[in-house]
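# Per-entry structural report
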Amino acid sequence: MNRRYRKTIIAGNWKMNKTLSEMKAYAEEIHSIMPKGKWCETVLCVPFVNIPSAVRLFKDCHISVGAQNCHYEKSGAYTGEVTAEMLKEVGVKYVILGHSERRQYYNETDFTVNKKVHAVLEAGLQPIICVGESLEQREAATTMEIITYQVKAALAGVPSDKMRRVIIAYEPLWAIGTGRTATAEQAGEVCEGIRAVIRKLYGARIARAVTIQYGGSMNAKNAHELLAQPDVDGGLIGGAALKPADFTAIVQAANQE
Ligand code: PGA
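Not measured: the values here are computed from a predicted model. (Residues numbered from 1 in each chain as written. Predicted model: local features only at pLDDT ≥ 70, side-chain atom pairs only at ≥ 80, totals over all residues. Heavy atoms only, no water.)

### Some words on the overall build of the chain
A count of helices and strands for the chain gives eleven helices and eight strands. Taking 2.2 N^0.38 as the reference for a compact globule, 257 residues should give roughly 18 Å; the C-alpha atoms of the chain span a radius of gyration of 17 Å, in line with that estimate. On the principal axes, the C-alpha backbone points of the chain span a range of 45 × 45 × 35 Å. Relative to its full complement of 257 residues, the chain shows a buried share of 54%. Taking as baseline every contact in the chain between residues at least 6 positions apart, the subset at least 24 positions apart corresponds to 73%. When the accessible surface of the chain is summed, it comes to about 12,000 Å², and 51% of that surface belongs to carbon and sulfur atoms. Here the chain contributes 31 positive and 27 negative side-chain charges, whose respective centroids are spaced 6 Å apart. (Helix = DSSP H or I, 4+ residues; strand = E, 2+ residues; numbered from the N terminus. Rg over C-alpha atoms; globule rule 2.2 N^0.38 Å. Buried < 20%, exposed > 50% of the residue type's maximum accessible area, 1.4 Å probe, protein only. Contact = heavy atoms within 4.5 Å. Areas by Shrake-Rupley, 256 points an atom, 1.4 Å probe, with all protein chains shown as cover. Lys, Arg positive; Asp, Glu negative; His and termini not counted. Charge placed at Lys NZ, Arg CZ, Asp CG, Glu CD.)

In structure tokens form, the structure reads like this:
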């Protein structure tokens, strides 16, 4: 992390977990244990239907609410979809885009991710753009090539003045939900590489200010080491965000670093 230049953001990605009543119980529990006077921004990205309640329930403990996806059009005949503007109106601040599960199961491509990035920025929200290589790609030593392509494609056409709202999450596919975390060095190296790509596109001043998260089996035990890397500015957390004690321990680690 480097707090002098950029915001530290710890974001939980609940995926398709927790009913409204389960979320209420979580909110009650986290309320009493959430670290006070924190440095880092804390976010929970919950399922669409629970967003309005989440905004209300988590307000007191200064947790912002995010969504896990959105459509790129402003309105229209897209059954089952939700626009960025709709999310904004119910109090969403962040939107995860291009998560590997969406790329894998719902045909999300670099092209659609880019269109969604534009829609989210236009609505005044902050996209959390996920990029990451597969195990085969890492073993073939093509990690940085893949990541560079994904970052460039996601940011195509995004003007400099909107870059201060962009967040990138480096999530190696082989580390998501597997309990196998990237080493701090691996995470640090790729996050540094992502910043170098942004530097080439937008210049040093903007690159220095972009928050780059690591995601993939981040937990209370490994958070300190990962966050100690100068270019790792936070985490996108799946499994460990489902339990208040585990999630707050990561927030605590981000506050201490
Ligand atoms: P994980 O998920 O922490 O359970 O590995 C991370 C993510 O998918 O964002």
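### Quick word on the environment of Ala119
Along the chain, the position of Ala119 falls in helix α5 (residues 110–122). Assessed through its relative accessible area of 15%, Ala119 is described here as buried. For the pair formed by Ala119 and Arg180, sequence separation is 61 residues and the distance between their alpha carbons is 33 Å.

### A word on the sheet that holds strand β7 (residues 211–215)
With parallel pairing, eight strands are arranged side by side around a closed barrel as β1-β2-β3-β4-β5-β6-β7-β8. Between one strand axis and the next, the sheet turns by 25° as a mean value, whatever way the strands run. Of the strands in this sheet, β4 (94–97) and β5 (126–131) are in contact with α5, which crosses β5 at around 160°. The strands that helix α11 (residues 244–256) touches are β1 (9–13), β2 (41–45) and β8 (234–237); relative to β1, the one it contacts most, it runs at about 165°. (Pairing = 2+ DSSP bridges. Axes fitted to C-alpha atoms, helices over the stretch in contact; angles between N-to-C directions.)

### Here we look at the layout of surface pockets
Each pocket or cavity is described by its volume, and for the largest pocket that value is around 420 Å³. With three residues, helix α4 (residues 100–105) is the single largest residue contributor to the lining of the largest pocket. Taken together, the residues of the lining of the largest pocket sort by class into seven nonpolar, four polar and three charged. In this structure, the second largest pocket occupies an estimated 200 Å³ of space. Gly177, Gly216, Ser217, Gly238 and Gly239 are the residues nearest the centre of the second largest pocket, which is lined by 18 residues in total. Of the residues contributing to the lining of the second largest pocket, the split by class is five nonpolar, eleven polar and two charged. (1 Å grid on protein atoms, 1.4 Å probe; cavity = no way out; pocket = protein on both sides within 12 Å on 5 of 7 lines; lining within 4 Å. Points joined across faces, edges and corners; volume = space filled by probe spheres on them. Nonpolar A, V, L, I, M, F, W, Y, C, P; charged D, E, K, R; others polar.)

### Some details on the environment of Ala77
Within the element layout of this structure, Ala77 appears in the loop between β3 (63–67) and α3 (84–89). Take Ala77: its relative accessible area is 79%, and that puts it in the exposed class. With 19 residues separating them along the chain, Ala77 and Ile96 place their C-alpha atoms 23 Å apart.

### Overview of the site of the ligand
The ligand sits among 13 residues. The nearest are Lys15, His99, Glu171, Gly177 and Ser217. Between the ligand and Lys15, the relevant distance is 2.7 Å, taken from an oxygen atom to a side-chain nitrogen or oxygen of the residue. Within the contact set of the ligand, an oxygen atom lies 2.7 Å away from a backbone nitrogen or oxygen of Gly177. For the ligand, the protein covers 95% of the area, taking 280 Å² as the surface of the free molecule. (Near = heavy atom within 4 Å. Polar contact = N/O pair within 3.5 Å; in protein donor to acceptor, adjacent residues only side chain to side chain.)

### What about helix α2 (residues 51–58)?
What α2 keeps buried is the set Ile51, Ser53, Ala54 and Phe58. One face of α2 carries all of its buried residues, which in axial projection span an arc of 155°. (Arc of directions from axis to C-beta.)

### What to know about the packing of aromatic side chains
The tally for this structure, following the rule as stated, stands at five aromatic pairs. Taking the centre distance of 6.3 Å and the plane angle of 80° together, the rings of Trp14 and Phe58 count as edge-to-face. Taken together, the positions of Trp14 in the loop between β1 and α1 (20–33) and Phe58 in helix α2 put the pair 44 residues apart, joining distant regions of the chain. We classify Trp14 as buried; its relative accessible area is 0%. Classification of Phe58 by relative accessible area gives buried; the value is 0%. Ring plane angle 85° and centroid distance 6.4 Å describe the contact between Tyr105 and Tyr106, whose orientation is recorded as edge-to-face. Looking at Tyr105, the relative accessible area reads 53%, which means it is exposed. Among the aromatic residues, those joined into a ring-pair cluster are Trp14, Tyr26 and Phe58. Over the ring of Trp14 we find Lys18, and its NZ or CZ is 5.6 Å from the ring centre. (Phe/Tyr/Trp six-rings, centres within 6.5 Å; stacked < 30°, edge-to-face > 60°. Lys NZ or Arg CZ within 6 Å of the ring centre and 35° of its normal.)

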